[in-house]
Protein chains: 4
Amino acid sequence: MIKLNGIFPPLPTSFDENEELALDKLNNNIAALSRYNLSGFLVLGSNGELVNLTEEEIRNVYAAAREAIPKNKIMLAGTGAQTTRGTISNSKAAANAGADAVLVLNPSYYKNQMTQNVLVTHYWSVAEASKIPVIIYNMPANTGLDMDADTIVKISEHENIIGMKDSGGNVVKMGDVKRMVKPEFQILAGSAGFLLPAFTMGAVGGILALANIAPKKCISVYDDYFSGNIEKAHKTQLELIPINAAVTSKWGVPGLKAAMDYVGLFGGTARKPLLPINNEIKKQIIELIDILGLGAH
Amino acid sequence: MIKLNGIFPPLPTSFDENEELALDKLNNNIAALSRYNLSGFLVLGSNGELVNLTEEEIRNVYAAAREAIPKNKIMLAGTGAQTTRGTISNSKAAANAGADAVLVLNPSYYKNQMTQNVLVTHYWSVAEASKIPVIIYNMPANTGLDMDADTIVKISEHENIIGMKDSGGNVVKMGDVKRMVKPEFQILAGSAGFLLPAFTMGAVGGILALANIAPKKCISVYDDYFSGNIEKAHKTQLELIPINAAVTSKWGVPGLKAAMDYVGLFGGTARKPLLPINNEIKKQIIELIDILGLGAH
Amino acid sequence: MIKLNGIFPPLPTSFDENEELALDKLNNNIAALSRYNLSGFLVLGSNGELVNLTEEEIRNVYAAAREAIPKNKIMLAGTGAQTTRGTISNSKAAANAGADAVLVLNPSYYKNQMTQNVLVTHYWSVAEASKIPVIIYNMPANTGLDMDADTIVKISEHENIIGMKDSGGNVVKMGDVKRMVKPEFQILAGSAGFLLPAFTMGAVGGILALANIAPKKCISVYDDYFSGNIEKAHKTQLELIPINAAVTSKWGVPGLKAAMDYVGLFGGTARKPLLPINNEIKKQIIELIDILGLGAH
Amino acid sequence: MIKLNGIFPPLPTSFDENEELALDKLNNNIAALSRYNLSGFLVLGSNGELVNLTEEEIRNVYAAAREAIPKNKIMLAGTGAQTTRGTISNSKAAANAGADAVLVLNPSYYKNQMTQNVLVTHYWSVAEASKIPVIIYNMPANTGLDMDADTIVKISEHENIIGMKDSGGNVVKMGDVKRMVKPEFQILAGSAGFLLPAFTMGAVGGILALANIAPKKCISVYDDYFSGNIEKAHKTQLELIPINAAVTSKWGVPGLKAAMDYVGLFGGTARKPLLPINNEIKKQIIELIDILGLGAH
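These lines cover the structure that appears in this document, whether it is placed above or below.

Rules behind the numbers
Residues numbered from 1 in each chain as written. Chains lettered and ligands numbered in written order. Predicted model: local features only at pLDDT ≥ 70, side-chain atom pairs only at ≥ 80, totals over all residues. Heavy atoms only, no water. Pairing = 2+ DSSP bridges. Helix = DSSP H or I, 4+ residues; strand = E, 2+ residues; numbered from the N terminus. Contact = heavy atoms within 4.5 Å. Axes fitted to C-alpha atoms, helices over the stretch in contact; angles between N-to-C directions. Buried area = accessible area lost by both parts, 1.4 Å probe. Salt bridge = Lys/Arg side-chain N within 4 Å of Asp/Glu carboxyl O. Polar contact = N/O pair within 3.5 Å; in protein donor to acceptor, adjacent residues only side chain to side chain. Nonpolar A, V, L, I, M, F, W, Y, C, P; charged D, E, K, R; others polar. Least-squares fit on C-alpha atoms with pLDDT ≥ 70 in both. Buried < 20%, exposed > 50% of the residue type's maximum accessible area, 1.4 Å probe, protein only. Right-handed = clockwise from strand over helix to strand, strands pointing away. Phe/Tyr/Trp six-rings, centres within 6.5 Å; stacked < 30°, edge-to-face > 60°. Lys NZ or Arg CZ within 6 Å of the ring centre and 35° of its normal. Parallel < 35°, antiparallel > 145°, perpendicular 65-115°, else oblique. Left-handed = near helix turned anticlockwise from the far one by under 90°.

1. Examining the sheet that holds strand E6 (residues 134–138) of chain B
Residues and elements named next belong to chain B.
Okay, so step 1: Read across the open sheet, the nine strands follow the order E1-E9-E8-E7-E6-E5-E4-E3-E2; overall the sheet is parallel. Each edge of the open sheet carries a strand with a single partner, namely strand E1 (6–8) and strand E2 (10–11).
Okay, so step 2: Contacting strand E5 (101–105), E6 and strand E7 (161–166), helix H4 (residues 116–129) crosses the sheet at an angle of about 150° to E6.

This is the structure in structure tokens:
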């Protein structure tokens with residue numbers, strides 16, 4: 001059983017100036033971040049631009065990341081495609097590359113058809129076919145579809161489905177899921193904006209874009225909460241809200257990449273249509289980073 | 001300065017079989033609930049059917065409630081109307097009746113016109129005219145309008161505005177507000193579904209429909225959190241989710257009133273168009289109450 | 001049977017500089033607009049600020065309007081309150097004042113409880129109690145609640161319910177309603193933005209904010225469509241879109257009132273929290289009016 | 001300049017029992033439908049499951065379809081991917097295969113980053129690189145993102161962008177776009193549910209899922225409207241609403257495929273996670289088809 005406790009950064013995928021994969025840059029980022037007490041890494045989540053890569057590129061990223069991620073760190077791989085077969089294919093590739101578990105975003109294009117039955121059948125088919133455990137990924141801000149507690153609980157019944165990353169921020173739902181799932185099911189917060197509240201609802205960790213640029217701060221919320229230092233966790237949690245919003249909901253992957261450039265990692269550009277943030281926003285982000293005293297990695 | 005720490009039940013307004021005010025029943029409820037360590041009561045919030053009463057009835061409820069609420073308990077009075085003048089008129093009446101503070105729901109009918117400027121001007125006019133402090137009330141599920149953090153923070157700058165009840169459940173926003181407002185501004189959770197997460201974001205208490213039927217459990221989440229007993233607070237929080245949903249988002253005032261009838265308070269019916277819940281739902285609610293071992297008051 | 005064919009302006013309610021009713025100004029507006037071939041008037045719809053008036057003021061407006069509206073013009077009166085009893089009370093007052101039919105906005109505060117059963121029971125109770133016919137009013141932009149076709153069709157089965165004003169702009173739903181209701185049920189478009197499309201789905205007329213300032217243009221869309229001059233109706237329809245948006249969705253009642261002031265009617269201010277539009281927006285509205293060549297009334 | 005007047009069916013992509021492409025079945029459908037006075041065909045739109053195919057499969061469908069589509073019928077090809085480079089690649093492939101124009105769905109995964117600037121840059125880059133004209137595709141029910149009139153108008157300024165398919169059903173926006181775009185810009189209704197209303201706002205035709213199973217009825221709405229027979233067009237329009245909803249918003253691609261099986265075309269199954277509709281729904285669909293007297297093709 002893989003333990004998902006702790007903090008995981010969802011790595012952005014690095015591109016060169018021609019929008020081609022720059023795997024060396026990705027590896028450098030992994031090396032730099034591996035010096036922190038992170039539990040592992042997610043490759044090809046939303047911040048990893050899974051939806052922007054070809055099938056071949058996806059496989060190349062899995063392989064390169066596994067090579068760069070220390071053996072004692074967990075590698076999670078995003079594999080969700082619009083089809084069940086595509087998701088299974090990605091999941092097998094991730095397992096072959098050495099990932100420890102797959103993070104499966106729900107299909108969402110045909111929103112009206114995504115009934116509980118369709119979603120359960122999809123996840124169970126993937127779980128059945130995958131050689132490594134499956135983590136459910138709910139990300140309504142991007143998919144436009146918010147899986148409800150009952151659906152998540154039903155999906156969780158499969159023995160190869162071990163947890164969920166929830167980026168929606170509905171903590172009531174998170175608690176409702178926790179209340180109903182098997183005890184070993186592991187919930188991960190999907191954003192540093194609600195990390196501490198998520199812990200009080202039963203989350204055991206978080207996959208946090210912010211952990212790419214503020215790993216220590218994110219880890220300290222975790223450590224402080226679980227060691228009973230709530231007041232300090234609360235203080236850090238509030239501090240993290242504005243910079244977290246800047247690199248997630250507000251400015252997205254381009255914001256996160258600009259922040260990474262500033263703290264000494266490789267950020268670079270995202271694939272178009274995503275455009276780099278302009279200089280004014282960059283200044284705002286830098287200011288938020290400086291306030292927190294986030295030095296270079 | 002009024003301290004809003006702790007748990008407040010938002011009292012339903014009692015009606016007889018002709019849908020007329022039954023103030024004696026309201027008083028009995030207050031008396032029964034006053035035996036618990038509640039910080040006070042809210043009259044004429046959403047659960048109090050403020051929107052369903054005439055101006056005269058509103059004033060009658062203020063007066064009756066103040067008479068019934070012990071002097072050492074805070075009386076909060078819902079006063080929000082669609083107009084600024086109507087809200088001011090209600091707020092003056094509440095102050096005259098002896099309320100300690102008013103809870104002001106934002107106007108929401110002309111949604112497209114409810115700009116930050118309009119809302120700030122409204123709240124400041126009310127705060128200026130009100131002899132007692134003003135608490136902002138954000139209730140997007142009913143108003144269809146969710147005030148954002150910047151708007152709330154701007155509104156909070158008036159010295160007679162002392163806090164906010166937020167029923168939206170967006171804990172990131174709650175933390176963002178807490179981070180930016182004056183230190184003495186007091187945030188109250190608007191639902192028992194996210195009480196514990198709200199505390200971690202800086203809430204000092206809650207106005208909770210569930211506190212009408214499970215006052216001890218709600219108080220224990222508060223006590224356990226603030227005495228550092230997080231694990232126990234977490235456990236109670238999860239327990240409260242299903243019954244809380246039943247008497248709020250799912251079955252609303254009719255659900256709450258049925259639950260009150262079952263635990264030995266007066267529930268009765270709401271004003272139409274609200275219809276009593278049917279027997280099957282009543283059975284579900286009773287089951288949820290019995291699971292929690294909520295005995296008669 | 002009242003025929004609702006043709007164009008009805010929803011009259012704004014006139015206030016003086018102290019926000020008190022200025023019924024003489026309302027009467028002047030009615031007199032000025034009565035020179036056009038309008039089928040009648042609506043008082044106390046959304047543009048009439050029904051939600052901003054006291055019960056007594058509501059009754060005063062009904063009476064004053066009926067006196068001012070020529071006997072050969074239909075008077076529709078908005079009567080929808082949050083309670084069934086309040087709606088019935090308003091409807092009886094409107095009938096007593098001489099209104100020809102009431103326009104009943106659905107209650108919407110307790111959104112989650114507004115099931116089909118609740119809404120049907122509400123409308124049927126009102127229809128049963130009302131001495132004059134009832135028209136359903138669906139206005140999702142303000143209520144935050146969009147009644148679906150099945151609910152509307154079920155409501156329409158009562159013999160005293162003769163039509164619907166739909167301001168949502170979902171023309172598919174409009175067609176679906178038309179397809180299923182009794183043949184004599186009359187559908188009215190609730191905005192000049194989709195007047196012509198509504199006609200093709202079976203609408204027989206419209207209650208249009210824009211008809212206060214551009215009555216001739218609105219009437220010409222009606223006349224051209226029903227006399228088979230589609231091309232001309234199309235041309236006028238497109239022309240009306242920007243000014244219609246300006247006095248409805250964009251700037252609301254304050255926008256409409258400013259436009260009325262400009263075309264020689266009395267606009268004045270709305271009740272607060274609604275604030276007057278600023279000068280820049282006023283200039284935009286004036287420009288849109290001038291483009292259309294809408295002279296003074 | 002390609003004329004988009006008239007009716008186009010968006011062809012579903014045919015699969016065998018192993019979910020592999022069944023291009024012969026697709027060709028048979030094209031042959032059967034080519035007997036009607038349709039203006040052309042769309043391949044790989046939403047109903048064509050573009051999002052469910054690999055890059056190679058996409059190219060195979062383009063080639064097979066062009067071979068099957070008569071030379072005098074327009075071939076439109078869906079090419080929208082999440083990236084600009086992917087969309088350009090698909091568009092070049094479509095042009096090489098002989099498509100007449102490409103239909104480009106907007107990227108939508110990173111919703112918060114899809115600003116007007118990002119969308120305009122994306123569409124203009126595609127239009128610049130594409131050898132054949134580009135048609136904008138707005139499909140909010142699937143993308144969760146509704147491009148507004150100003151954005152569409154700005155995008156339309158590029159000379160290689162010749163029109164728009166709008167499936168959102170907001171006819172006011174459709175009219176607003178029509179009012180502001182270059183005169184030769186061609187608007188197509190994206191659903192038979194609002195075909196007739198769309199014509200009154202300036203649409204010149206429609207790409208209609210329903211045209212796969214009721215081509216004659218769809219064509220008759222077009223013919224009747226443009227020959228001035230509004231009353232008949234209205235009657236047919238209302239008739240089409242329920243069956244159209246059944247094969248689009250309600251039951252989606254599986255519903256459409258079941259309907260195609262029933263009228264003598266090849267429907268088959270969609271790719272999972274989409275599941276076949278159950279027998280009860282199939283019966284409902286069959287009933288709706290029979291009511292309309294839609295015989296076998």
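The rest of the description comes next.
2. Some thoughts on the interface of chain A and chain B
Okay, so step 1: The partner chain B presents 20 residues to the 20 residues of chain A that form the contact.
Okay, so step 2: Roughly 1700 Å² is buried in total at the junction of chain A and chain B, and carbon and sulfur atoms are behind 78% of that figure.
Okay, so step 3: Joining chain A to chain B, the criterion identifies zero salt bridges.
Okay, so step 4: At the boundary of chain A with chain B, the tally comes to two residue pairs in polar contact (both at pLDDT 80 or more).
Okay, so step 5: For the side of chain A that touches chain B, the secondary structure elements donating two or more residues are helix H7 (171–180), helix H8 (195–200) and helix H10 (230–250) of chain A.
Okay, so step 6: Taken together, the residues of the side of chain A that touches chain B break down into 11 nonpolar, six polar and three charged.

3. Here we look at the relation of the copies chain A and chain B
Okay, so step 1: Turning chain A through 180° and shifting it by 0.0 Å along the axis lays it on chain B, with an RMSD of 0.0 Å. Taken together, these values place the two copies in the relation of a two-fold axis. Nearest to the rotation axis, the C-alpha of Pro-197 of chain A is located 2.1 Å from it, this being the minimum over chain A.
Okay, so step 2: A high fraction, 100%, of the interface residues of chain A reappear at the interface in chain B, so the copies pair face to face through one surface.

4. Focus on the side chain of His-158 of chain C
Okay, so step 1: Position of His-158 of chain C among the secondary structure elements: in the loop between helix H6 (149–155) and strand E7 (161–166).
Okay, so step 2: With residues near it in sequence (within four places) discarded, His-158 of chain C still touches Trp-124, Ala-127, Glu-128 and Lys-182 of chain C.

5. Focus on the interface of chain D and chain A
Okay, so step 1: If you look at the interface, chain D gives 45 residues, while chain A gives 45 residues.
Okay, so step 2: Considering only the surface of chain D that becomes buried against chain A, Arg-85, Tyr-109 and Tyr-110 of chain D emerge as the three largest contributors, covering 22% of it.
Okay, so step 3: Here chain D is connected to chain A by four salt bridges.
Okay, so step 4: Notably, a salt bridge pairs Arg-85 of chain D with Glu-19 of chain A, separated by 3.6 Å at the nearest N-O pair.
Okay, so step 5: On the surface where chain D and chain A come into contact, there are 20 residue pairs in polar contact (both at pLDDT 80 or more).
Okay, so step 6: Elements with a contribution of two residues or more to the side of chain D that touches chain A: helix H2 (55–68), helix H3 (84–97), helix H4 (116–129), helix H5 (140–143), helix H10 (230–250) and helix H11 (252–262) of chain D.

6. Structural notes on the pairing of strand E8 (residues 186–189) of chain D
All names here are of chain D.
Okay, so step 1: Alternating residues of E8 divide into Gln-186 and Leu-188 and Ile-187 and Ala-189, and every residue in both groups is buried.
Okay, so step 2: Viewed along the sheet, the connection from strand E7 (residues 161–166) through helix H7 (residues 171–180) into E8 turns out right-handed.
Okay, so step 3: Where E8 meets strand E9 (residues 205–207), two bridges bridge the pair, whose relative direction is parallel. Each residue of the ladder has a partner; that of Ala-189, found in E9, is Gly-206.
Okay, so step 4: Each parallel crossover has a hand, and the one from E8 via helix H8 (residues 195–200) to E9 is right-handed.

7. A closer look at the relation of the copies chain D and chain A
Okay, so step 1: Superposing chain D onto chain A requires a rotation of 180° together with a translation of 0.0 Å along the rotation axis, leaving an RMSD of 0.0 Å.
Okay, so step 2: Of the interface residues in chain D, 100% have counterparts in chain A that sit at the interface too, so the contact is made through matching surfaces.

8. So, the arrangement of the chains
Okay, so step 1: There is no contact between chain A and chain C; across them, the least C-alpha separation is 17 Å.
Okay, so step 2: What separates chain B from chain D at the closest point of their C-alpha atoms is a distance of 17 Å, and the two make no contact.

9. Re the packing of aromatic side chains
Okay, so step 1: What the rule picks out here adds up to 24 aromatic pairs over all chains.
Okay, so step 2: Taken together, a centroid distance of 5.0 Å and an interplanar angle of 65° make the contact between Phe-199 of chain C and Phe-226 of chain C edge-to-face. Here the residue Phe-199 of chain C occupies a position in helix H8 (residues 195–200), and Phe-226 of chain C occupies one in helix H9 (residues 215–226), the gap between them amounting to 27 residues.
Okay, so step 3: Overall, the relative accessible area of 45% leaves Phe-226 of chain C in the partly exposed class.
Okay, so step 4: Clustering of aromatic rings is evident, with ring pairs tying together Phe-199, Tyr-222, Tyr-225 and Phe-226 of chain A.
Okay, so step 5: Note that Lys-25 of chain A overlies the ring of Phe-266 of chain A, its terminal NZ or CZ placed 5.2 Å from the centroid.

10. Focus on the packing of H2 of chain D against H3 of chain D
To characterise two packed helices, one gives the angle between the axes of the helices and the distance between these axes.
All names here are of chain D.
Okay, so step 1: Two numbers describe how H2 lies on H3: the axes approach to 9 Å, and their chain directions differ by 25°. Overall, the two elements H2 and H3 adopt an arrangement that is roughly parallel. Every pair of crossing elements has a handedness; the one defined by H2 and H3 is right-handed. For the pair H2 and H3, the contacting residues are Ile-58, Arg-59, Tyr-62, Ala-63 and Arg-66 in the first and Ser-89, Asn-90, Ala-93, Ala-94 and Ala-97 in the second.
Okay, so step 2: Residues that form the contact of H2 with H3 fall into these classes: six nonpolar, two polar and two charged.

11. Concerning the pairing of E5 of chain B
All names here are of chain B.
Okay, so step 1: Taken across its five residues, E5 has five buried, putting it largely inside the fold.
Okay, so step 2: The side-chain alternation of E5 yields two buried faces, one formed by Ala-101, Leu-103 and Leu-105 and the other by Val-102 and Val-104.
Okay, so step 3: Where strand E4 (residues 74–78) lies against E5, three bridges are found, and the strand directions are parallel. Considered in E5, the bridge of Gly-78 is made with Leu-103.
Okay, so step 4: Handedness of the crossover is the feature at issue here: the chain leaves E4, passes through helix H3 (residues 84–97), returns alongside E5, and the resulting connection is right-handed.
Okay, so step 5: By the bridge criterion, four bridges tie E5 to E6 in an arrangement that is parallel. Note that in E6 the partner of Val-102 across the bridge is Val-134.
Okay, so step 6: Of the crossover connections in this fold, the one passing from E5 over H4 to the parallel E6 is right-handed.

12. Quick notes on helix H11 (residues 252–262) of chain B
Okay, so step 1: Burial analysis of H11 of chain B places nine of its 11 residues in the buried class, which makes it a mostly covered element.
Okay, so step 2: In this structure, the buried residues of H11 of chain B make contact with helix H1 (23–33), helix H10 (230–250) and helix H12 (279–292) of chain B.

13. Topic: the sheet that holds strand E1 (residues 6–8) of chain D
Residues and elements named next belong to chain D.
Okay, so step 1: Ordered in space as E1-E9-E8-E7-E6-E5-E4-E3-E2, the nine strands form an open sheet in which the pairing is parallel. Two strands lie at the open edges of the sheet, namely E1 and strand E2 (10–11), each paired on one side alone.
Okay, so step 2: In this fold H4 packs onto strand E5 (101–105), strand E6 (134–138) and E7, with an angle of close to 150° to the strand it touches most, E6.

14. Some thoughts on the packing of helix H9 (residues 215–226) of chain D against H10 of chain D
Residue and element names in this part refer to chain D.
Okay, so step 1: Their axes nearest at 8 Å, the elements H9 and H10 cross at an angle of 155°. Classed by the angle they form, the pair H9 and H10 counts as roughly antiparallel. Seen from above, H9 lies across H10 with left-handed handedness. Within the contact between the two elements, H9 uses Lys-217, Ser-220, Val-221, Asp-224 and Tyr-225 and H10 uses Ile-230, Lys-232, Ala-233, Thr-236, Gln-237, Glu-239 and Leu-240.
Okay, so step 2: Within the contact of H9 with H10, the residues separate by chemical class into five nonpolar, three polar and four charged.

15. Quick look at the pattern of salt bridges
Okay, so step 1: All told, the structure shown has 52 salt bridges over all chains when counted by the stated rule.
Okay, so step 2: Residue Asp-100 of chain A pairs with Arg-66 of chain A through a salt bridge whose shortest N-O separation is 3.1 Å. Residue Asp-100 of chain A is found in the loop between helix H3 (84–97) and strand E5 (101–105), and its partner Arg-66 of chain A is found in helix H2 (residues 55–68); the two are separated by 34 residues along the sequence.
Okay, so step 3: For Asp-100 of chain A, a relative accessible area of 25% puts it in the partly exposed group.
Okay, so step 4: The partner of Glu-157 of chain D in a salt bridge is Lys-154 of chain D, and the shortest N-O contact between them spans 3.5 Å.
Okay, so step 5: Each of Glu-19, Glu-20 and Lys-272 of chain A together with Arg-85 of chain D takes part in salt bridges that share partners, so that together they form one network.

Note that all results are geometric; they support no functional claim without further evidence.
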